[in-house]
Amino acid sequence: MNAISLDRVTKSYGSTVALADATFHVASGGVHALLGENGAGKSTLVKILSGIVQPDSGTIRLFDVEVRLAGRSASASAGIETAFQEVPLVPDLTVADNLLMPNQPRKFGLFLDGRVARAQVEQIRNDLRIDDIDPRSLVRELDLSQRQKVEIARAIARRPRILILDEPTAALSRSGVEWLGDRIADLKKQGTTILLVTHRMPEVHEFCSDMSILRNGRHVGSFGVGAIPDDEVFRHIMGRSVDVSFPPPPEKVSRPAAAPLIETRGLVVGRQLRGVDLVLNPGEIVGVAALQGMGQLELFNSLFGAERIDKGDIFVSGKAGHFGSPADAIRAGIALVPEDRKIQGLALQRTGIENTTLPIVEDYSRLGIMDRRREAAEVDAAFASVNLHPRALYQTPAEFSGGNQQKIVLAKWLLTQCRALLVFDPTRGVDVGTKHEIYTLLRRFADEGGGILFHSTELPELIGTCDRILVLYRGRFVAEIPYGTANEETIGALMLGATNGPDRKVA
Ligand SMILES: Nc1ncnc2c1ncn2[C@@H]1O[C@H](COP(=O)(O)OP(=O)(O)OP(=O)(O)O)[C@@H](O)[C@H]1O
Ligand SMILES: [Mg+2]
């Protein structure tokens, strides 16, 4: 039996066709991957199945029964629960409230029944093994990975027959991904059908039995996992063959001795950063490898003037830099691609063009008159360099797909004249065809004399692109690994605090 059957499902937004005659089936009890490049229509399909978006035409059957999913509650009654890509939790409520929403237990149908609610939350925490998050914390206080975990737990806790996960691992930490793997295994045993949207092939191999691929809103094929090689999968996803390699290793060029772009001495931020010495030279990509919450967020934010420093010094091109705010950092030539693009990266009311030129908008104005033509032309070129469709020029972030939001933030900094680029997980949610181009752009930026501090939750991309990797453990750098001298296991061990790894050299 099929859990989900889609027949010619179509959805347009104005002139954008997000889904075009999508027709495919998801077998009951399987874990089915939904693949496609950024903007292919994956989240649109997820929203249709969740009852949030109505298709223009087409039919949907769940377990062989035709359904009309007129709203979220209709979808829930039909047995579907979804963990969304852009986590919609309510930031000012507690974790416990978010887990139970919108079905909090009530006395006489009116007052919240606190005792029952607490018991239910305890049950969920035990069943789903989320003992690392305090149910009394406000969601606002959680980091992105924890929020994602609560969002996933909220969906699983309703015991759906069909669970939809839209890029659940994009924001999860390493341990979070393992946690999700265990939950998927449990659900499989119980016969739950899972639809998993992802850009990561290793997850498809690990978790999924089948896959369906969308391109430009069209279904281009469904396959058993392992039935075709990955490069063929990529070809279906992108409509062309895809280069998944890393740019060639950095050449050893001798540069005239220049002051480091950024240097820190004894940097302390709260209890998160406990004395960090860092040197970022022109021409370098320096990796920061760390497990969740080892101080990387504080390091990047403080270098960008977005976090107060308790002790220590920052020098920018040899001069003491004291940043009261990100505006100071931008003036000093430092840019940040932040972890949470929704909160820090994008202005939600503005178009793609306006978002991209926000830091340098004065450059396009002479005597108070904006040169809109030149602005649009330059943004257009920047978009092309990250494979972003020109229609994003005039859209607002609410209309972008998840991965395209990330591409806008990158395009924005490529246009500025910044010299030091701080990139925090820049390929999160970015499709397989564009990752390689982002690595190439980063390398070119460095070759032209810029410097990049690069944090990623995906170790292979640090190993493949960085001139050297610094391992951050509990707020201190514990090792420095030059290009080509270590593999995932050795770096992974250092990230866990191993003290006698090979190649260990304290920075
Ligand atoms: N509310 C909206 N208004 C206008 N256009 C939209 C809206 N939502 C989505 N789109 C457009 O529909 C297309 C498909 O978007 P969708 O979010 O489904 O992509 P996706 O496959 O989930 O991509 P990603 O991997 O980046 O998350 C994109 O071109 C997007 O810009
Ligand atoms: Mg999406």
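Quick caveat: nothing in here was measured; it's all calculated off a predicted structure.

Q: So what exactly am I meant to see when it comes to the overall build of the protein chain here?
A: What the protein chain contains, in helices and strands, is 17 helices and 24 strands. C-alpha extents for the protein chain along the principal axes are approximately 70 × 55 × 50 Å. Expressed as a percentage of the 507 residues in the protein chain, the buried residues total 54%. Of all intrachain contacts in the protein chain linking residues separated by at least 6 positions in sequence, the fraction that spans at least 24 positions is 68%. Here the protein chain displays about 22800 Å² of accessible surface, and carbon together with sulfur accounts for 50% of that area. The distance from the centre of the 59 positive side-chain charges to the centre of the 62 negative ones in the protein chain is 3 Å.

Q: What is the right way to read the pairing of strand β4 (residues 57-62) from this model?
A: As a general feature of sheets, a regular strand has side chains that alternate between the two faces. Sheet topology places strand β1 (residues 2-13) next to β4; five bridges connect them, and they run antiparallel. Looking at the pairing, aspartate 7 lines up with threonine 59 of β4. Sheet topology places β4 next to strand β5 (residues 65-67); three bridges connect them, and they run antiparallel. Directly across from arginine 61, in β5, lies its bridge partner glutamate 66. Counting the residues in the hairpin turn of β4 and β5 gives two residues, including phenylalanine 63, whose phi is positive at 50°.

Q: What should I look at first to understand the sheet that holds strand β12 (residues 218-224) in this one?
A: Strands belonging to one sheet form pairs held by backbone hydrogen bonds; the direction of such a pair is parallel or antiparallel. Spatially, the six strands line up as an open sheet ordered β6-β9-β10-β3-β11-β12, and their pairing is mixed. The open sheet has two edge strands, β6 (80-83) and β12, and neither has a second partner. Between one strand axis and the next, the sheet turns through 20° on average, direction left out of account. Pairing geometry for strand β3 (residues 31-35) and strand β11 (residues 210-215), over four bridges, is parallel. The residue of β11 that forms the bridge with alanine 33 is methionine 211. The sheet contacts of helix α5 (residues 144-157) involve β6 and β9 (162-166), and relative to β6 the element is tilted by about 175°. Along the sheet, helix α8 (residues 230-238) contacts β3, β11 and β12; its crossing angle with β11, the most-contacted strand, is approximately 35°.

Q: Even after reading the chapter, I still don't get the confidence of the model for the protein chain, so can you show me in this structure?
A: Low pLDDT means the predicted coordinates in that region are not meant to be read closely. Residues with a pLDDT of 70 or more make up 94% of the protein chain, whose mean pLDDT is 90. When the criterion is pLDDT under 50, residues 503-507 qualifies, and its contacts beyond four places in sequence or with other chains add up to 13 contacts.

Q: Would you mind going over the site of ligand 1 with me for this structure?
A: Taken together, 21 residues sit near ligand 1, with Lys42, Thr44, Glu399, Ser401 and Gly403 positioned nearest. A distance of 2.7 Å separates an oxygen atom of ligand 1 from a polar side-chain atom of lysine 42. Serine 401 has a polar side-chain atom sitting 2.6 Å from an oxygen atom of ligand 1. Relative to its unbound accessible surface of 640 Å², ligand 1 loses 91% to contact with the protein. Those elements that place two or more of their residues in the shell around ligand 1 are β2 (16-27), α1 (42-49) and α14 (402-415). Considered class by class, the residues forming the shell around ligand 1 number three nonpolar, 13 polar and five charged.

Q: Whenever I open this one, the domain arrangement of the protein chain confuses me. Can you help?
A: Quoted interface sizes are often the accessible area lost when the parts come together. Under the domain assignment used here, the protein chain contains domain 1 (2-238), domain 2 (260-333 + 419-507) and domain 3 (346-417). At the junction of the two partners, domain 1 supplies five residues and domain 3 supplies eight residues. Approximately 500 Å² of surface area, both sides summed, lies buried where domain 1 meets domain 3, with 40% of it carried by carbon and sulfur atoms. Applying the counting rule to domain 1 against domain 3 returns zero salt bridges. Our enumeration of links across domain 1 and domain 3 arrives at two residue pairs in polar contact (both at pLDDT 80 or more). Looking at the side of domain 1 that touches domain 3, its residues break down into no nonpolar, four polar and one charged.

Q: Looking at this model, I keep getting lost on the packing of helix α13 (residues 372-385) against α14. Mind explaining?
A: The angle between the axes and the distance between the axes are what describe a pair of packed helices. Following both chains from N to C, one finds α13 and α14 inclined at 125°, their axes separated by 9 Å at the closest point. With respect to their mutual orientation, α13 and α14 come out oblique. Here α13 and α14 pass one another in a crossing that is right-handed. Taken together, the residues of α14 that come into contact with α13 (itself represented by Glu378, Val379, Ala382, Phe383 and Ser385) are Ile408, Ala411, Leu414 and Leu415. Residue composition of the contact of α13 with α14, grouped by class: seven nonpolar, one polar and one charged.

Q: Honestly, the pairing of β9 in this entry has me stumped. Any pointers?
A: The buried fraction of β9 is high, at five of five residues. The pairing of β6 with β9 spans four bridges and is parallel. Paired with alanine 83 across the bridge in β9 is leucine 165. The sheet contact formed by β9 and strand β10 (residues 193-197) spans five bridges and is parallel. Among the inter-strand pairings, leucine 163 is bridged to a residue of β10, identified as isoleucine 194. In the classification by handedness, the crossover that spans β9, the intervening helix α6 (residues 174-189) and the parallel β10 is right-handed.

Q: Hey, could you run me through the sheet that holds strand β16 (residues 311-316) in this one?
A: Strand order in the open sheet formed by four strands is β14-β13-β16-β17, with antiparallel pairing between adjacent strands. At either end of the open sheet lies a strand with only one pairing partner, and these are β14 (273-280) and β17 (319-320). Two strands pair when backbone bridges link them, and strand β13 (residues 262-269) and β16 are joined in this way by five bridges, in the antiparallel orientation. The residue bridging valine 268 from the neighbouring strand is lysine 311, located in β16. Here helix α9 (residues 296-303) sits on the sheet and contacts β13, β14 and β16; the angle it forms with β13, its principal contact strand, is near 125°.

Here is what the cut-offs are and how they apply
Residues numbered from 1 in each chain as written. Chains lettered and ligands numbered in written order. Predicted model: local features only at pLDDT ≥ 70, side-chain atom pairs only at ≥ 80, totals over all residues. Heavy atoms only, no water. Helix = DSSP H or I, 4+ residues; strand = E, 2+ residues; numbered from the N terminus. Buried < 20%, exposed > 50% of the residue type's maximum accessible area, 1.4 Å probe, protein only. Contact = heavy atoms within 4.5 Å. Areas by Shrake-Rupley, 256 points an atom, 1.4 Å probe, with all protein chains shown as cover. Lys, Arg positive; Asp, Glu negative; His and termini not counted. Charge placed at Lys NZ, Arg CZ, Asp CG, Glu CD. Pairing = 2+ DSSP bridges. Axes fitted to C-alpha atoms, helices over the stretch in contact; angles between N-to-C directions. pLDDT = per-residue confidence, 0-100. Near = heavy atom within 4 Å. Polar contact = N/O pair within 3.5 Å; in protein donor to acceptor, adjacent residues only side chain to side chain. Nonpolar A, V, L, I, M, F, W, Y, C, P; charged D, E, K, R; others polar. Domains from an automatic or database assignment. Buried area = accessible area lost by both parts, 1.4 Å probe. Salt bridge = Lys/Arg side-chain N within 4 Å of Asp/Glu carboxyl O. Parallel < 35°, antiparallel > 145°, perpendicular 65-115°, else oblique. Left-handed = near helix turned anticlockwise from the far one by under 90°. Right-handed = clockwise from strand over helix to strand, strands pointing away.

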